[in-house]
Amino acid sequence: MKINEIIFTITESLDGGYEASAVGHSIYTQSENYNDLPAILRDAVKCHFDEDKTPSIIRMRNSNIILRYIKESDIADYVKWTTTETEWMDWDAPWEDDEDDFVEMQKQNLEKEQNFYSKLEIETIEGEHIGWVSNYDFDFEGEKVTGVGLDIPAPEHRGRGYGGVALAAYMAHLFAKEDVLFTQTWSGNAPMLRLAEKLGFAEVRRIKNLRQVRGEIYDALTFAISKTDFLTNTRNP
Ligand SMILES: CC(C)(COP(=O)(O)OP(=O)(O)OC[C@H]1O[C@@H](n2cnc3c(N)ncnc32)[C@H](O)[C@@H]1OP(=O)(O)O)[C@@H](O)C(=O)NCCC(=O)NCCS
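Below: a short report on this structure. (Residues numbered from 1 in each chain as written. Predicted model: local features only at pLDDT ≥ 70, side-chain atom pairs only at ≥ 80, totals over all residues.)

## Considerations on the overall build of the protein
Scanning the protein from terminus to terminus reveals six helices and 11 strands. Across the 237 residues of the protein, 24% fall into the buried class. Within the protein, contacts between residues at least 6 apart in sequence are counted, and of these 58% link residues at least 24 apart. (Helix = DSSP H or I, 4+ residues; strand = E, 2+ residues; numbered from the N terminus. Buried ≥ 20, exposed ≤ 12 C-beta atoms within 10 Å, placed from the backbone. Contact = placed C-beta atoms within 7 Å.)

Written out as structure tokens, the structure is:
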């Protein structure tokens, strides 16, 4: 069967340059610089498919962002985001104010650091570090499952499509080893609910009135999406 379009997700490699992997196909390639990527991807696609089955459209999924490993200059951003510019915490699990939990979570993150599948930083094409995508394990109906999350701490970077593109690119990577991905939020987080909907997530659990945030009671929500549904969701950013 001929497919029309093939999508690559791009990440910055640890040793400089960029890594590109095709969503749903075992095509992987690298480039030293971003501008050479389109030509390199075209060649990789040509080699992979028979001539009459070569897709005519090649898309690079994170066209306005890059997902990359953490680097030293990010530390200053994290200091800012955990000390002075903390508005994002009002949205990301605002009921989690236990310092011990926070320290434990940071320790787990440190252990996972530099693991391609655990946490990646979001950078704009202009080179600004604007947030991160990450995953974590949790129990869902007696099974250990993988949840994905993301944060864009500065409000001026939100609502421009970065979050959707970053999460879709990250999920495409995780689906190389997962069959189902989950995400969790609360009923007061409208942007995250919208994002989950756009990415094709379906609600799989709602615990009513579980979260109290600034005096109001909200539902705790869990969403899931299968690899097949993700790969065939034509609304993916
Ligand atoms: C959630 C978050 C990561 C989304 O990132 P983003 O870059 O703003 O996401 P996008 O721009 O790709 O998409 C956001 C969508 O929500 C919509 N949205 C924003 N505010 C909204 C509101 N109050 N009500 C309904 N929809 C809203 C946007 O219009 C957009 O949808 P559209 O593409 O149909 O226009 C970002 O808002 C954030 O970091 N918030 C603070 C931390 C947080 O909540 N993290 C998630 C924890 S579960």
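From this point, the discussion proceeds with the structure in view.
## Notes on the environment of E123
Along the chain, the position of E123 falls in strand β6 (residues 119-124). The class of E123 is buried, set by 21 C-beta atoms lying within 10 Å. Placed 58 residues apart in sequence, E123 and I65 show a C-alpha to C-alpha distance of 5.5 Å. Apart from residues lying up to four places away in sequence, E123 is in contact with I65, I66, R68, E128, H129 and I130.

## Quick word on the site of the ligand
By nearness alone, 21 residues border the ligand, and W91, R158, G163, G164 and A190 come closest of all. Contributing elements (two or more residues each) for the shell around the ligand: β8 (143-151), α4 (162-174) and α5 (190-198). No other element matches the five residues that α5 contributes to the shell around the ligand. Grouping the constituent residues of the shell around the ligand by class yields nine nonpolar, seven polar and five charged. (Near = placed C-beta within 6 Å. Nonpolar A, V, L, I, M, F, W, Y, C, P; charged D, E, K, R; others polar.)

## So, helix α1 (residues 37-48)
With 12 residues, α1 ought to run about 16 Å at 1.5 Å a step, and its terminal C-alpha atoms sit 16 Å apart, in line with that. Along its buried surface, α1 packs onto β1 (5-12), β2 (18-22), β3 (28-31) and β4 (57-60). (Expected span 1.5 Å × (residues − 1).)

## Structural notes on the environment of I225
Positionally, I225 belongs in strand β11 (residues 216-226). C-beta crowding within 10 Å serves as the criterion here: with 21 such atoms nearby, I225 is assigned to the buried category. The spacing of I225 and L199 is 26 residues in sequence and 8.6 Å in space, taken between C-alpha atoms.

## Examining the pairing of β1
For β1, the buried fraction is high: six of the eight residues fall into the buried class. In terms of strand pairing, β1 meets β4 through four bridges, oriented parallel. Directly across from E5, in β4, lies its bridge partner I57. Between the end of β1 and the start of β2, which pair antiparallel, lie five residues, with G16 showing a positive phi angle near 90°. (Pairing = 2+ DSSP bridges.)

## Digging into the nonpolar core
Formed by 42 residues in total, the largest nonpolar core has its most connected members in L67, I122, V133, A166, L167, Y170 and M171. Top contributing element to this core by residue count: α4, with nine residues. Taken together, domain 1 (5-60) and domain 2 (67-231) each give at least three residues to this core, which thus spans both. The residues contacting Y170, other than those within four sequence positions of it, are L67, L120, V133 and V148. (Core = buried A, V, L, I, M, F, W, Y, C linked by C-beta atoms within 7 Å. Domains from an automatic or database assignment.)

All we've got here are geometric facts, nothing functional implied.
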